[in-house]
Amino acid sequence: MQLGIIGLPQSGKTTLFNALTGANLATGAASAHMEVHTAVVDVPDLRVDALVEHYKAKKTVYAKVTYADITGIDGKAGKAGLPGQLINAMATMDGFLHVVRQFESPVVAHQEGSLDPIRDIENLDTEFILNDLVMVERKLERLTEEHRRGVSRPREEIQKEIDVFKTLQAMLNENLPLRHHSFTPEEDQIVASYGFLSRKPQIIVFNQSEGQDAPAYESPHPHTFVIALPAKLEMDIAALEPEDAEIFMQEYGIEELAMSRLIKLSYDLLGVHSFFTAGEKEVHAWTLKKGLNARDAAGVIHSDMEKGFIRAEVISYDDLMLYGSTAEARTKGRLRVEGKTYIIEDGDIIEIRFNI
Ligand SMILES: Nc1nc2c(ncn2[C@@H]2O[C@H](COP(=O)(O)OP(=O)(O)O)[C@@H](O)[C@H]2O)c(=O)[nH]1
Ligand SMILES: [Mg+2]
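Residues numbered from 1 in each chain as written. Chains lettered and ligands numbered in written order. Predicted model: local features only at pLDDT ≥ 70, side-chain atom pairs only at ≥ 80, totals over all residues. Heavy atoms only, no water.

A. Looking closely at the environment of Val-43. As for its position among the elements, Val-43 is in the loop between strand 2 (35–42) and helix 2 (46–55). In this structure, the C-alpha to C-alpha distance between Val-43 and Tyr-62, residues 19 residues apart in sequence, is 6.0 Å. For Val-43, the residues in contact, after removing those within four places along its chain, are Tyr-62, Ala-63, Lys-64, Val-65, Ile-263 and Tyr-267. (Helix = DSSP H or I, 4+ residues; strand = E, 2+ residues; numbered from the N terminus. Contact = heavy atoms within 4.5 Å.)

Shown next as structure tokens:
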């Protein structure tokens with residue numbers, strides 16, 4: 001799971017990256033070229049801590065999210081398109097954190113000369129839309145030629161693809177990001193390999209000074225989340241020793257760091273949840289797309305487990321905590337044996353039985 005941190009220059013991308021990951025990259029550096037810095041972050045989960053306590057586990061592994069600080073967008077590429085290298089870097093991301101400047105500062109210049117968060121959001125949307133449009137039009141040209149010649153594969157099949165790309169073209173021409181479209185599984189299959197930028201789910205991060213109200217901006221559809229936070233303050237807190245950070249937070253009346261909320265939100269954005277494997281040796285939180293089954297879960301742990309899957313023993317986190325032990329839960333019928341088609345729920349603790 002990888003999220004790209006994007007936004008206009010000087011919006012606070014690197015500041016946010018440092019706050020999220022505890023990195024110490026230089027901020028305020030104007031870089032016109034593409035640069036990507038990545039770091040892996042634990043997903044905070046109190047259930048994992050409770051399981052470690054319960055099993056007296058020797059090792060703890062939290063679920064992970066990777067963040068990438070991506071430089072190089074300036075909102076000025078237009079029809080000429082973004083540099084290929086930058087597109088490639090962004091196309092591999094599962095989603096974006098789009099940092100939008102809201103903080104006021106006399107020392108940090110805004111390239112547009114004024115503060116206008118909504119304008120900046122639209123600016124980047126337009127950039128992505130134009131970029132996707134170029135790709136869609138190129139593809140349509142190729143498909144049309146293929147259809148005309150009609151030798152490679154059945155014409156209906158080619159026509160079907162043409163129809164899908166024409167739908168996308170019409171949306172983009174109306175200046176709508178592809179996020180607005182609900183793709184059918186068939187459409188999804190046809191466009192999956194394209195990594196369209198305006199299709200990726202995103203969290204709009206309003207980077208504000210302390211005490212500012214969030215701008216009046218409502219998410220236009222389910223694939224855009226919105227959060228407002230003071231990135232600079234959070235970066236400064238992340239740089240403190242844990243005890244000092246606690247004192248600081250108490251003084252400022254901060255109950256939970258926005259960074260933990262943002263990490264959890266990233267998880268929701270990508271439509272994933274956690275299941276656990278747990279024992280004395282290790283408590284491990286794993287990430288799985290919602291709606292996938294026990295055999296898919298086995299595959300996340302190890303491909304051998306997926307191939308040789310026999311069954312899964314499953315107990316929910318809540319039941320384990322309620323009954324105090326798997327033995328007790330078993331007598332209550334709460335430790336279940338499930339087959340490969342069982343749909344994993346958030347918080348399931350599973351043990352896979354498999355043939356090697
Ligand atoms: N006052 C204030 N300054 C900020 C805030 N976030 C970032 N900055 C400053 O804005 C400048 C650009 O930040 P940076 O993270 O490097 O932006 P990037 O170009 O998007 O990576 C730096 O001088 C930061 O210290 C904030 O929330 N408040
Ligand atoms: Mg930067």
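Right, picking up where we left off after that structure.
B. Molecular detail of empty space enclosed by the protein. Using the criterion set out here, one finds two cavities of 30 Å³ or more in the structure. A volume near 40 Å³ is recorded for the largest cavity. Of the residues contributing to the lining of the largest cavity, the split by class is three nonpolar, four polar and one charged. Empty space within the second largest cavity amounts to approximately 30 Å³. Every residue lining the second largest cavity is listed: Gly-7, Leu-8, Ser-11, His-98, Val-99, Val-100, Arg-101, Asp-120 and Leu-124. The biggest single contributor to the lining of the second largest cavity is strand 5 (residues 95–101), with four residues. (1 Å grid on protein atoms, 1.4 Å probe; cavity = no way out; pocket = protein on both sides within 12 Å on 5 of 7 lines; lining within 4 Å. Points joined across faces, edges and corners; volume = space filled by probe spheres on them. Nonpolar A, V, L, I, M, F, W, Y, C, P; charged D, E, K, R; others polar.)

C. Region of interest: helix 5 (residues 155–173). Here helix 5 spans 26 Å end to end across 19 residues, near enough to the 27 Å set by a 1.5 Å rise per residue. Within helix 5, burial applies to Ile-158, Glu-161, Ile-162, Val-164, Phe-165, Leu-168, Gln-169, Met-171 and Leu-172. On its buried face, helix 5 is in contact with helix 4 (117–149) and helix 6 (185–191). Trailing helix 5 by a residue or two, Asn-175 shows a phi angle of about 70 degrees, which is positive. (Expected span 1.5 Å × (residues − 1). Buried < 20%, exposed > 50% of the residue type's maximum accessible area, 1.4 Å probe, protein only.)

D. Region of the structure containing the packing of helix 4 against helix 5. Running from N to C, helix 4 and helix 5 point in directions that differ by 155 degrees, and their axes come no closer than 9 Å. Put simply, helix 4 runs roughly antiparallel to helix 5. Of the two possible hands of crossing, helix 4 and helix 5 adopt the one that is left-handed. Looking at side-chain class alone, the contact of helix 4 with helix 5 contains 10 nonpolar, five polar and nine charged residues. (Axes fitted to C-alpha atoms, helices over the stretch in contact; angles between N-to-C directions. Parallel < 35°, antiparallel > 145°, perpendicular 65-115°, else oblique. Left-handed = near helix turned anticlockwise from the far one by under 90°.)

E. Layout of the pattern of salt bridges. Applying the stated criterion across every chain, the model contains 22 salt bridges. The partner of Glu-338 in a salt bridge is Arg-336, with the nearest N and O atoms 2.9 Å apart. Classification of Glu-338 by relative accessible area gives buried; the value is 19%. Through salt bridges with shared partners, one network takes in Glu-146, Arg-153, Glu-157 and Glu-161. (Salt bridge = Lys/Arg side-chain N within 4 Å of Asp/Glu carboxyl O.)

F. Spatial organisation of the packing of aromatic side chains. Evaluated as defined, the whole model comprises five aromatic pairs. Where Phe-206 meets Tyr-217, the ring centres are 5.9 Å apart and the plane angle is 80 degrees; that geometry is what we call edge-to-face. Highlighted residues: Phe-206 in strand 6 (residues 202–207) and Tyr-217 in the loop between strand 6 and strand 7 (224–229), separated in sequence by 11 residues. Under the relative-accessibility criterion, Phe-206 is labelled buried at 1%. Ring centres of Phe-248 and Tyr-252 lie 4.5 Å apart, and the angle between their planes is 15 degrees; on these two criteria the pair is classed as stacked. Of the two residues, Phe-248 and Tyr-252 are both situated in helix 8 (residues 242–252); the distance of four residues between them amounts to about one turn of the helix. Of the residues examined, Tyr-252 reaches a relative accessible area of 47% and is grouped as partly exposed. Feature note: the residues Phe-165, Tyr-194 and Phe-196 constitute an aromatic cluster, connected by ring pairs. Positioned above the aromatic ring of Phe-183, the side-chain terminus of Arg-199 is 3.8 Å from the ring centre. (Phe/Tyr/Trp six-rings, centres within 6.5 Å; stacked < 30°, edge-to-face > 60°. Lys NZ or Arg CZ within 6 Å of the ring centre and 35° of its normal.)

G. Summary view of the site of ligand 1. Around ligand 1, a shell composed of 15 residues is seen, among which Gln-10, Lys-13, Thr-14, Thr-15 and Gly-28 lie nearest. One nitrogen or oxygen atom from the side chain of Thr-14 is found 2.9 Å from an oxygen atom belonging to ligand 1. A distance of 3.1 Å is found between a nitrogen atom of ligand 1 and a side-chain nitrogen or oxygen belonging to Asn-207. When ligand 1 sits alone it has 570 Å² of accessible area, and the protein chains cover 84% of it. With three residues, the single largest contributor to the shell around ligand 1 is helix 1 (residues 13–21). In terms of residue class, the shell around ligand 1 is made up of four nonpolar, nine polar and two charged. (Near = heavy atom within 4 Å. Polar contact = N/O pair within 3.5 Å; in protein donor to acceptor, adjacent residues only side chain to side chain. Areas by Shrake-Rupley, 256 points an atom, 1.4 Å probe, with all protein chains shown as cover.)

H. Representation of the side chain of Ser-316. Positionally, Ser-316 belongs in strand 10 (residues 309–316). Engagement of the side chain of Ser-316 in a polar contact is seen with the backbone nitrogen of Asp-319, the distance being 3.1 Å. With residues near it in sequence (within four places) discarded, Ser-316 still touches Arg-336, Gly-347, Asp-348 and Ile-349.

I. Molecular detail of the sheet that holds strand 5. Across the sheet, which stays open at both edges, the six strands sit in the order 2-4-1-5-6-7 with mixed pairing between neighbours. Because the sheet does not close on itself, it has two edges, and the strands there are strand 2 and strand 7. The average undirected angle you get between the axes of adjacent strands in this sheet is 25 degrees. Bridging between strand 2 and strand 4 (residues 64–71) involves eight bridges; their strand directions are antiparallel. Counted as the bridge partner of Val-36 is Ile-70 from strand 4. The sheet strands contacting helix 3 (residues 84–91) are strand 1 (2–7), strand 2, strand 4 and strand 5, and the helix crosses strand 4 at an angle near 165 degrees. Sitting on the sheet, helix 4 touches strand 1, strand 5 and strand 6, and the angle it makes with strand 5 is about 140 degrees. (Pairing = 2+ DSSP bridges.)

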